[in-house]
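Listed below are the residues making up each chain.
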Amino acid sequence: MCSLPPDWPPVISGQQRKELTLLATTYALSHGLIYLPPSDVQPPAPTSAIHAPLALFPSPFPRSQFELAKSLQHQYNVLYACVALDEAFLDRTMGAEHGVGRVDEFTGQLWRIWKRLRDEGITQTRHLGLFRSDYLLHAPEKGGPASLKQVEFNTISSSFGALSQNVAQMHRYLASTTEYYDSSPFLKLSNMPPNDTIAGLAEGLVSAHKAYGSPSAWVLFVVQNGERNVFDQRWLEYELVEKHSIRVLRQTLEQLAFSAEVESSSRILRIQMPGLFPGGVDSIEISTVYFRAGYTPKDYPTPAHYETRYTLESSTAIKCPSVQLQLAGGKKVQEVLTQAGTLEQFFPQEQPDLRSSWMGMWGLDFQGDEGVRKARAEALNLVLKPQREGGGNNVYKEDIPAFLDALPHEEREAWIAMELIRTPEGMGNYLVRAGSGTEGAVKTDVVSELGVFGWALFGGQDGSVEDKTVGWLLRTKGKDSNEGGVAAGFSVLDSLVLVD
């Protein structure tokens, strides 16, 4: 455990704030720390870009807790690989016959795709996970020490790896050029850890591509329509092409409904786009399918979209993630893992550091009405979570009783209650959003959420797991904001200054 500096951000003058804001925003625009601007319909080719929302100062984080988070990633990589390979556990926890999929339609749809594949004798030989484990500092006593607590574990579309590297480099640039006007003894390059997430995440995709065994095959990025966070994805594409000579194709589920084809005998996934591939070929073979879409019901507006997901899953291409690995990332799995004896099913030896990173949680269907009664009694110390990703879905504190009043009894199983993480008091920063100029750095009390990236390639006859911890992300939001997603508009991108 460790305490943070009593006051942050450091004191600077108005003129210094303006200069830092100018340097930060121009660096961001010059180095691909950017978004597409908001638009009802994005143009076919971008006509402009804006810098991503960012923090002017890096935020303090205990060095010991940062090192702990990195050391835990290997255990989490292996744990979720094991969960994804345990069919009985996933059927029982997330299935549409005995688990959450009975009452949560989206979860049920995904599980039914997986069940259909198994019924047809189709199995995945290898799975790739590009993971991110998210944490907050927990300081239940004001001014007391802070410890690391997990918010969630992401198994699909773990975003902002590339932009997190760029914002860390931006803060190092500001420290190198201005020394932050000697405003804090903590603001030294030696306290700003390196972040090489782009190369690390690309390494996971390269490992899958090599395991597939066809050097001329391409990697497919499945993306959302109108994606504003396109540059975070493009950095990975450029890394694959420029450093590893692996070509990338981007397609939406709508496009894939017409272009994707699985050969009946070999189950090779091919994408048909006559006239648009080099060498005059009409189609290309896909080694790896990387989902940056498909994690929300909005990505499947019609049954045809689920059918396209099934088509991709039925191929021999390595999926990142496969549908069963996506199911393994459900909030219900996170809750069940905390139950007595569950972790031991996957790790026979005691894992005290893993367990100490968990807050208390339970399902709303716990012991009949007991889960709801307990949630109502402890509402001000809780967050309720459904089986959803992407931000904006949770129910907090004083909103919980009314939500429970309206929640149908049969839908309780789809929700978990989790004890609130009590973040340290007294932390602030200047938050900068696009279009606000040099006057736009707004000082506010903040909360910072650390994400640690890792990848795991697993499966095969021996169920082996190859994994690596590859980088980190810091997202910072105003203290009064419950949600934490950058893409959802709640947070800004930030980086770390480590304190002892």
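Here's what I pulled together on the structure shown here. Just so you know, these numbers come straight off a predicted model, no measurement behind them.

1. Focus: the overall build of the protein
Helices and strands together make up the secondary structure of the protein, namely 15 helices and 21 strands. Over its C-alpha trace the protein gives a radius of gyration of 23 Å, about what one expects of a compact globule, namely 23 Å for 500 residues. In terms of principal-axis extent, the alpha carbons of the protein reach across some 70 × 60 × 45 Å. For the protein, buried positions account for 59% of its 500 residues.

2. Topic: the pattern of salt bridges
A complete count under the given rule lists 27 salt bridges for this structure. With a closest N to O distance of 3.1 Å, Arg388 and Asp104 form a salt bridge. One end of the pair, Arg388, is in the loop between strand 14 (382–385) and strand 15 (395–396); the other, Asp104, is in the loop between helix 3 (87–94) and helix 4 (105–119), and 284 residues separate them in sequence. Overall, the relative accessible area of 7% leaves Asp104 in the buried class. Across the pair Lys332 and Glu335 runs a salt bridge, and its minimum N-O distance is 2.9 Å. You can see Lys332 and its partner Glu335 sitting in helix 11 (residues 331–337), 3 residues apart, about one turn around the helix. Residue class for Lys332 comes out buried when judged on its relative accessible area of 8%. Exposure remark for Glu335: the relative accessible area of 3% places this residue in the buried category.

3. A short note on the side chain of Arg292
Turning to its location among the elements, Arg292 is positioned in the loop between strand 11 (283–291) and helix 9 (303–313). A polar contact of 2.9 Å, which involves the side chain of Arg292, links it to the side chain of Asp232. A polar contact of 3.0 Å, which involves the side chain of Arg292, links it to the side chain of Tyr290. Beyond its immediate chain neighbours, meaning those up to four positions away, Arg292 contacts Ser157, Ser159, Phe160, Val222, Gln224, Asn229, Asp232, Gln233 and Leu236.

4. With respect to the environment of Glu419
With respect to the element layout, Glu419 can be found in strand 16 (residues 416–419). On the basis of relative accessible area, Glu419 is assigned to the partly exposed category, the value being 28%. With 30 residues separating them in the primary sequence, Glu419 and Glu389 have C-alpha atoms 19 Å apart. Leaving out residues up to four positions away in the same chain, Glu419 has contacts with Met359, Gly360, Asn381 and Leu382.

5. Describing the side chain of Ser184
Structurally, the position occupied by Ser184 is in the loop between helix 5 (161–178) and helix 6 (197–212). Judged by relative accessible area, Ser184 falls into the buried class, the value being 12%. Of the polar contacts made by the side chain of Ser184, one reaches the backbone nitrogen of Phe186; its length is 3.1 Å.

6. Overview of unusual backbone geometry
Cis peptide bonds are those with omega within 30 degrees of zero, and the linkage from Trp8 to Pro9 qualifies with 10 degrees. Following the sequence through the fold, Pro9 ends up in the segment before helix 1 (14–30). Omega for the peptide link from Cys320 to Pro321 comes to 0 degrees, which places this bond in the cis form. Mapped onto the fold, Pro321 is located in the loop between strand 12 (318–320) and helix 10 (323–328). Positive phi, close to 55 degrees, is recorded for Tyr181, a residue that is not glycine.

7. Here's the deal with the sheet that holds strand 15
The pairing of strands in a sheet comes from backbone hydrogen bonds and takes either a parallel or an antiparallel form. One open sheet accounts for 4 strands, arranged 13-16-14-15; its pairing is antiparallel. Here the strands that pair on one side only, and so sit at the sheet edges, are strand 13 (361–363) and strand 15. Sheet topology note: the strand 13/strand 16 ladder contains 3 bridges and is antiparallel. Considered in strand 16, the bridge of Gly363 is made with Ile416.

Rules and cut-offs
Residues numbered from 1 in each chain as written. Predicted model: local features only at pLDDT ≥ 70, side-chain atom pairs only at ≥ 80, totals over all residues. Heavy atoms only, no water. Helix = DSSP H or I, 4+ residues; strand = E, 2+ residues; numbered from the N terminus. Rg over C-alpha atoms; globule rule 2.2 N^0.38 Å. Buried < 20%, exposed > 50% of the residue type's maximum accessible area, 1.4 Å probe, protein only. Salt bridge = Lys/Arg side-chain N within 4 Å of Asp/Glu carboxyl O. Polar contact = N/O pair within 3.5 Å; in protein donor to acceptor, adjacent residues only side chain to side chain. Contact = heavy atoms within 4.5 Å. Pairing = 2+ DSSP bridges.

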